[in-house]
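# Fold and contact review
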Amino acid sequence: EPEVTQTPSHQVTQMGQEVILRCVPISNHLYFYWYRQILGQKVEFLVSFYNNEISEKSEIFDDQFSVERPDGSNFTLKIRSTKLEDSAMYFCASSEPGLRRYEQYFGPGTRLTVT
Amino acid sequence: AQSVTQPDIHITVSEGASLELRCNYSYGATPYLFWYVQSPGQGLQLLLKYFSGDTLVQGIKGFEAEFKRSQSSFNLRKPSVHWSDAAEYFCAVGEFGNEKLTFGTGTRLTIIP
């Protein structure tokens, strides 16, 4: 069964450093998302991406964040200058076009620890 | 704005017993509703979904959920739980024209022998 994959599984970085989190969505999916889950809190939407542009973003997704689909398979989330409060589990998700775009499939997550 | 409430933070049930996890949503139109499960160290796995039509939906692993518009609820049920069902369960809501999912705070399920 196809699945979303994410690398790395755990990333430790120092405050102020840039990080790039990588995702490989399911191959025939055209909608891509990033969510995050701070420890002990709910899963929060960050951004959705379709047709090579952001289709929606939350108030969390400020200028420190960016997303890119650099090639036909990868989808990345970049945090330019990490803060302690960026420590969280980051989930990538993808979905098919059409009505099934509301049915999102999640990857295993990348745990980001900012020290 | 959409919101999802899962009133039970933690539920403990005996193996073989029935299960019901509660989910209430706040949304003006007909929402799209989902249940996801997160096992320790794992990602979010889609258990089942409701878009329209039959209000009782079947999912994977023997789970089902019932959409009750009058109660703004989408409770998850299983007639007989297995030890492997121990996990965190999240209810989520979406809406037409908006790809964002709004999640509840989750319910942690513990299974005792």
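The notes below deal with the structure included here. (Residues numbered from 1 in each chain as written. Chains lettered and ligands numbered in written order. Predicted model: local features only at pLDDT ≥ 70, side-chain atom pairs only at ≥ 80, totals over all residues. Heavy atoms only, no water.)

## Considering the overall build of chain A
- What chain A contains, in helices and strands, is 0 helices and 11 strands.
- Taking 2.2 N^0.38 as the reference for a compact globule, 115 residues should give roughly 13 Å; the C-alpha atoms of chain A span a radius of gyration of 13 Å, in line with that estimate.
- By the burial criterion, 46% of the 115 residues in chain A qualify as buried.
- Sequence-distant contacts in chain A: of pairs separated by 6 or more residues, those separated by 24 or more amount to 55%.
- For chain A, the exposed area adds up to about 5700 Å²; of that, 46% sits on carbon and sulfur atoms. (Helix = DSSP H or I, 4+ residues; strand = E, 2+ residues; numbered from the N terminus. Rg over C-alpha atoms; globule rule 2.2 N^0.38 Å. Buried < 20%, exposed > 50% of the residue type's maximum accessible area, 1.4 Å probe, protein only. Contact = heavy atoms within 4.5 Å. Areas by Shrake-Rupley, 256 points an atom, 1.4 Å probe, with all protein chains shown as cover.)

## Things to note about the state of the cysteines
- Overall, the coordinates contain 2 disulfides over all chains when judged by the stated rule.
- Between the sulfur atoms of Cys23 of chain A and its disulfide partner Cys92 of chain A the distance amounts to 1.9 Å. One disulfide, between Cys23 of chain A and Cys92 of chain A, carries an S-S torsion of -65 degrees and so falls in the left-handed class. Taken as a pair, Cys23 of chain A in strand E3 (residues 19-24) and Cys92 of chain A in strand E9 (residues 88-95) lie far apart in primary sequence, 69 residues in all. Summarising the burial analysis for this pair, Cys23 of chain A and Cys92 of chain A share the class buried.
- Two residues, Cys23 of chain B and Cys91 of chain B, share a disulfide whose sulfurs are 2.0 Å apart. Across the disulfide from Cys23 of chain B to Cys91 of chain B, rotation about the S-S bond amounts to roughly -65 degrees, and the bridge is consequently left-handed. (Disulfide = S-S within 2.5 Å.)

## Remarks on the sheet that holds strand E8 (residues 75-79) of chain A
Residues and elements named next belong to chain A.
- One open sheet holds the 4 strands; their spatial order is E1-E3-E8-E7, and the pairing between them is antiparallel. Each having just a single partner strand, strand E1 (5-7) and strand E7 (65-68) make up the two edges of the open sheet. When strand polarity is set aside, the average angle formed by the axes of neighbouring strands in this sheet is 20 degrees. (Pairing = 2+ DSSP bridges. Axes fitted to C-alpha atoms, helices over the stretch in contact; angles between N-to-C directions.)

## Side note on the packing of aromatic side chains
Residue and element names in this part refer to chain B.
- In the structure shown here, the tally under the stated rule is 23 aromatic pairs over all chains.
- Ring centres of Tyr32 and Phe51 lie 4.9 Å apart, and the angle between their planes is 85 degrees; on these two criteria the pair is classed as edge-to-face. On the criterion of sequence distance, the pair formed by Tyr32 in strand E5 (residues 32-38) and Phe51 in the loop between strand E6 (44-50) and strand E7 (56-58) is long-range, its members being 19 residues apart.
- Of the residues examined, Tyr32 reaches a relative accessible area of 9% and is grouped as buried. (Phe/Tyr/Trp six-rings, centres within 6.5 Å; stacked < 30°, edge-to-face > 60°.)

## Focus on the nonpolar core
- Of all hydrophobic cores here, the largest spans 26 residues; its most connected members are Leu19, Trp35, Leu47, Leu48, Phe74, Leu76 and Tyr89 of chain B.
- Listed by contribution, the elements that provide at least two residues to this core are strand E2 (10-14), strand E3 (19-21), E5, E6, strand E8 (64-68), strand E9 (73-78), strand E10 (87-95) and strand E12 (107-112) of chain B.
- At 4 residues, E10 of chain B tops the list of elements feeding residues into this core.
- Sequence-distant contacts of Leu76 of chain B, defined by excluding residues within four places in its chain, comprise Leu19, Glu20, Leu21, Trp35, Leu47, Leu48, Phe63, Glu64, Ala65 and Tyr89 of chain B.
- Counting residues in each nonpolar core, the second largest holds 23 residues, with Val4, Leu21, Ile38 and Phe61 of chain A among its members. (Core = buried A, V, L, I, M, F, W, Y, C linked by side-chain atoms within 4.5 Å.)

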